[in-house]
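Each chain is listed here by its residues.
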2 protein chains.
Amino acid sequence: MHLTQTAEYALRAMAHLSMLPGGQGARAKDLAEASGIPMAYVSKLLRKLVVAGLLESQKGHGGGFVLARPPAEIRFVDVLRAVDYPIEPNHCAFGWGECNVRHPCPLHGTWSQLKEAFTRWAERTTLADIQRGVPPRGPLLPTR
Amino acid sequence: MHLTQTAEYALRAMAHLSMLPGGQGARAKDLAEASGIPMAYVSKLLRKLVVAGLLESQKGHGGGFVLARPPAEIRFVDVLRAVDYPIEPNHCAFGWGECNVRHPCPLHGTWSQLKEAFTRWAERTTLADIQRGVPPRGPLLPTR
DNA sequence: CACTCAATGGACTTGACCATCCGCTGACGT
DNA sequence: ACGTCAGCGGATGGTCAAGTCCATTGAGTG
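Here is what the cut-offs are and how they apply
Residues numbered from 1 in each chain as written. Chains lettered and ligands numbered in written order. Predicted model: local features only at pLDDT ≥ 70, side-chain atom pairs only at ≥ 80, totals over all residues. Heavy atoms only, no water. Pairing = 2+ DSSP bridges. Helix = DSSP H or I, 4+ residues; strand = E, 2+ residues; numbered from the N terminus. Contact = heavy atoms within 4.5 Å. Near = heavy atom within 4 Å. Polar contact = N/O pair within 3.5 Å; in protein donor to acceptor, adjacent residues only side chain to side chain. Nonpolar A, V, L, I, M, F, W, Y, C, P; charged D, E, K, R; others polar. pLDDT = per-residue confidence, 0-100. 1 Å grid on protein atoms, 1.4 Å probe; cavity = no way out; pocket = protein on both sides within 12 Å on 5 of 7 lines; lining within 4 Å. Points joined across faces, edges and corners; volume = space filled by probe spheres on them. Buried < 20%, exposed > 50% of the residue type's maximum accessible area, 1.4 Å probe, protein only. Axes fitted to C-alpha atoms, helices over the stretch in contact; angles between N-to-C directions. Parallel < 35°, antiparallel > 145°, perpendicular 65-115°, else oblique. Left-handed = near helix turned anticlockwise from the far one by under 90°. Expected span 1.5 Å × (residues − 1). Salt bridge = Lys/Arg side-chain N within 4 Å of Asp/Glu carboxyl O.

Before going further, it helps to spend a moment on the pairing of strand 1 (residues 55–58) of chain A. All names here are of chain A. Examined bridge by bridge, strand 1 and strand 2 (residues 64–67) share four bridges and lie antiparallel to one another. Paired with Q58 across the strands is G64, a residue of strand 2. Counting the residues in the hairpin turn of strand 1 and strand 2 gives five residues, including G60, whose phi is positive at 65°.

Written as structure tokens, this is what we have:
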């Protein structure tokens, strides 16, 4: 299971921003150094987050990037969508065009189990959860 | 959340094989047509599964591929590893070299929640689960 | 106004993954 | 033996994400 490098970068950058005291902002260069993302690349990334309305940017002296909303209102799924991370809840791993509860492919059951776990995770987790550390929500999978 | 195309193909091919009645085998060509995977590509894939010991192959007339073990003994994680799908349980999304419960990065909590969901899914699900349809194991994520 | 800073945008390079092609090898049937 | 069938292996090409470079624009400072 993996996100794309870009998606991971996006979460990482947003995490760094959300951890700055007092809703502060930061320059792309600082974020790059702090997060280990190549400067030129994080720059493009941040732009996408601005376009998506998750960040606000300021040019020139004293410029940089700031969260556009409080951390609690920025879900991971918002960040992922902002960088075009593909979230296809209806994708069928078995290759069927039509695949749902009515017409389930052989993989449907176990596959949607995994997809839903991811979807819920992305929709429930916000930047505020990062600030708090581990959100105590219990195990993601049943303990058998 | 996504697997690579190759990983998905591998699961798909194995799923098809495990659904043949009476532990039958199939030719690469048949699997390709049935599963919608390009023939030349599934061929390479199946080879990897043979090398990994999950399949057995037979050349020439009447040849093809068969499961090397009963479906219940082939876990998804085995299939994924066979096609070199990267499973890095210790990978830190925040970019830290050292990241564990002792030295948790800000993302550690929520991130490992997701990783563990995937890992358990891959380790628990076997080809036998496919045959049975949906394994009733309850939700992957807590219901809030 | 002149200078510097930092985001913006475009063009470009690289490399991994996906996919195809073709000749070779081993197994079976006649 | 010979021919066919089907897996095996290497070489090759296409595509897209990942990463780099550079010129431009807008904003603040002296």
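Moving on from the model shown.
As for its placement among the helices and strands, S18 of chain B is situated in helix 1 (residues 5–18). The contacts of S18 of chain B, once residues within four sequence positions are left out, are L67, L127 and Q131 of chain B.

Take the protein's contact with DNA strand D next. Near DNA strand D you find 23 residues, and of these T6 and G60 of chain A together with R27, K44 and R47 of chain B are the closest. Within 4 Å of the protein, the contacting atoms of DNA strand D are 73% sugar and phosphate, with bases supplying the remainder. The contact in question runs from a phosphate oxygen of DNA strand D to an N or O atom on the backbone of Q5 of chain A, over 2.8 Å. A distance of 3.3 Å is found between a phosphate oxygen of DNA strand D and a side-chain nitrogen or oxygen belonging to Y9 of chain A. Elements with a minimum of two residues in the surface near DNA strand D: helix 1 (5–18) and helix 3 (39–51) of chain A together with helix 3 (39–51), strand 1 (55–58) and strand 2 (64–67) of chain B.

The full set close to DNA strand C counts 24 residues, and R27, K44 and R47 of chain A together with Q5 and T6 of chain B are the nearest of them. When the atoms of DNA strand C within 4 Å of the protein are grouped by moiety, sugar and phosphate amount to 73% of the total. A distance of 2.7 Å separates a phosphate oxygen of DNA strand C from a polar side-chain atom of S57 of chain A. Elements supplying a minimum of two residues to the surface near DNA strand C: helix 3, strand 1 and strand 2 of chain A together with helix 1 and helix 3 of chain B. Taken together, the residues of the surface near DNA strand C sort by class into six nonpolar, twelve polar and six charged.

A word on the confidence of the model for chain A. Looking at chain A, pLDDT values average 90 and 91% of them are 70 or higher. A low-confidence stretch, residues 134–144 of chain A (pLDDT under 50), is modelled with 39 contacts involving residues beyond four sequence positions or located in other chains.

Any empty space left between atoms is shown by rolling a water-sized probe over those atoms. All names here are of chain B. Counted under the stated rule, the structure contains one cavity of 30 Å³ or more. The volume enclosed by the largest cavity comes to roughly 30 Å³. Looking at the largest cavity, the residues that line it are H91, C92, A93, C99, C105, L107, H108, W111 and K115. Grouping the amino acids of the lining of the largest cavity by side-chain chemistry returns six nonpolar, two polar and one charged.

Residues and elements named next belong to chain A. Take T6: it is sitting in helix 1. Take T6: its relative accessible area is 19%, and that puts it in the buried class. If sequence neighbours within four positions are ignored, T6 has contacts with Y41, L45 and V83.

Turning our eyes to something else, we now look at the packing of helix 1 of chain B against helix 2 (residues 28–35) of chain B. In a packed pair of helices, the relevant descriptors are the angle between the two axes and the axis-to-axis distance. Residues and elements named next belong to chain B. Between helix 1 and helix 2, the least distance of the axes is 10 Å, while the angle of their chain directions is 110°. Looking at the two axes, helix 1 sits roughly perpendicular to helix 2. Where helix 1 approaches helix 2, its residues R12, A13, H16 and L17 are matched on the opposing element by L31, A34 and S35. The class makeup of the residues in the contact of helix 1 with helix 2 is four nonpolar, two polar and one charged.

All names here are of chain A. Contact geometry of helix 2 (residues 28–35) with helix 3 gives a least axis separation of 9 Å together with a crossing angle of 115°. Considering the relative orientation of helix 2 and helix 3, their crossing is right-handed. Within the contact between the two elements, helix 2 uses A28, K29, L31 and A32 and helix 3 uses M39, V42 and L46. Taken together, the residues of the contact of helix 2 with helix 3 break down into six nonpolar, no polar and one charged.

What follows concerns the environment of G62 of chain B. Residue position: G62 of chain B is located in the loop between strand 1 and strand 2. For the pair G62 of chain B and R75 of chain B, spaced 13 residues apart in sequence, the C-alpha separation works out to 28 Å.

Moving on to helix 1 of chain B. For helix 1 of chain B, spanning 14 residues, the distance from its first C-alpha to its last is 20 Å, which sits close to the expected 20 Å at 1.5 Å a residue. Burial analysis of helix 1 of chain B places 13 of its 14 residues in the buried class, the great majority of the element.

The next point concerns the pattern of salt bridges. Here the structure, examined in full by the defined rule, presents twelve salt bridges over all chains. One salt bridge connects D78 of chain B with R75 of chain B, and the closest N-O pair in it is separated by 2.9 Å. Take D78 of chain B: its relative accessible area is 15%, and that puts it in the buried class. The exposure class of R75 of chain B is partly exposed, given its relative accessible area of 30%. Between R120 of chain B and E116 of chain B there is a salt bridge, and its shortest N-O distance comes to 3.7 Å. Pair noted here: R120 of chain B and E116 of chain B are both in helix 5 (residues 108–124), with a separation of four residues, about one helical turn. Exposure remark for R120 of chain B: the relative accessible area of 25% places this residue in the partly exposed category. In this structure, a network of salt bridges that share partners links the residues R69, R75 and D78 of chain A.

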